[in-house]
Amino acid sequence: MKYPGAAQYRPDTTDLTALADAAASCRGCDLYEDATQTVFGRGSAGGLMLVGEQPGDVEDVAGEPFVGPAGQVLNRALAEAGLQDTPSYVTNAVKHFRWKAARGGKRRIHEKPSSAQATACRPWLAAEIAGVRPKVLLALGATAAASLFGPGFRLTQHRGEKLPWPPEAGDFADDDTPIEAALATVHPSAVLRAPADRRDDMYAGLVKDLHVVAALLG
């Protein structure tokens, strides 16, 4: 399915407050219909920018990214990597929560956004990158990595590697933001979903990748 996309709702500015205000009225894809609200990015410019997949149930209600269980895992991992005091900005590739009702209808279960929905939302991500002008850009999970580095990017092959910016393929190939390094790692929610006997190893891998980020940030 094709969607009109967010470009028509995006103002011609890199001011993050103005962008967040405009994104609140975005109707670039169908996800706004069932979500509580747009969840835009937040944080400080000029340092580390982290891009996840989409807001979860807690974030959809709170209106802020990474304030739920995955955010708690991320904050703990950032602290273990020595990044807790680093200026950072957190956001998602998709700004509305895609969900389905659990059996009985009492819970909302996360559904991965489609590639068309991620494409429709990409103008907001591009605007955030231009406004944040991060030193290091980090994709969390496959959806964010595909949005930033192109659909052919394979997270399992390149996680934790310093990647060139702009990428050779994808919608950001012509981006002129002076980013020193870009990387990709697993999404913190993958740690939560991992089988109990693999969870510690997956978390350790996330921390290891964040140590690479810390080294690049100096």
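Residue positions are given per chain, counted from 1 along the sequence in the order it is written. Only residues with pLDDT of 70 or above have their local features reported here, since the model is predicted, and side-chain atom pairs are shown and tallied only from 80 upward, although totals for entire chains, interfaces and linings are computed over all residues. Calculation of side-chain values draws on the structure's entire complement of heavy atoms; hydrogens and water are dropped beforehand.

## Some details on the packing of aromatic side chains
Okay, so step 1: Paired rings are identified among Phe, Tyr and Trp, the last through its six-membered ring, by centres lying within 6.5 Å, and are further divided according to the angle between planes into stacked (under 30 degrees), edge-to-face (over 60) and tilted (the rest). Scanning the model with the defined rule gives four aromatic pairs in all.
Okay, so step 2: Aromatic side chains Phe149 and Trp165 sit 6.1 Å apart centroid to centroid with 80° between the ring planes, which places their arrangement in the edge-to-face category. Here Trp165 lies in the loop between helix 6 (155-158) and strand 7 (181-185) and Phe149 lies in helix 5 (residues 142-149), a separation of 16 residues in the sequence.
Okay, so step 3: Accessible area is worked out with a 1.4 Å probe on protein chains only. A residue is then buried under 20% of its type maximum, exposed over 50%, and partly exposed in between. On the basis of relative accessible area, Phe149 is assigned to the buried category, the value being 8%.
Okay, so step 4: On the basis of relative accessible area, Trp165 is assigned to the buried category, the value being 12%.
Okay, so step 5: Site record: aromatic cluster; members linked through ring pairs are Phe149, Phe153, Trp165 and Phe172.
Okay, so step 6: The positively charged end of Lys95 is found above the aromatic ring belonging to Phe40, 5.4 Å away from the centroid.
Okay, so step 7: Here the basic side chain of Arg108 rests over the ring of Trp99, its NZ or CZ set 5.2 Å away from the ring centre. Segments assigned H or I by DSSP are reported as helices when at least four residues long, segments assigned E as strands when at least two residues long, and all are numbered from the N terminus. For a lysine, the NZ atom is tested; for an arginine, the CZ atom; a charge sits over a ring if that atom is within 6 Å of the ring centre and within 35 degrees of the ring normal.

## Here's the deal with unusual backbone geometry
Okay, so step 1: Cis peptide bonds are those with omega within 30 degrees of zero, and the linkage from Trp165 to Pro166 qualifies with 5°.
Okay, so step 2: Looking at the element boundaries, Pro166 is found in the loop between helix 6 and strand 7.
Okay, so step 3: Positive phi values are uncommon outside glycine, yet Phe66 reaches one of about 55°.
Okay, so step 4: In this structure Phe66 comes out as buried when scored by relative accessible area, which is 7%.
Okay, so step 5: In the Ramachandran plot, Arg133 falls in the positive-phi region, its phi being about 45° despite a non-glycine side chain.
Okay, so step 6: Within the secondary structure layout, Arg133 lies in the loop between helix 4 (115-132) and strand 6 (136-140).

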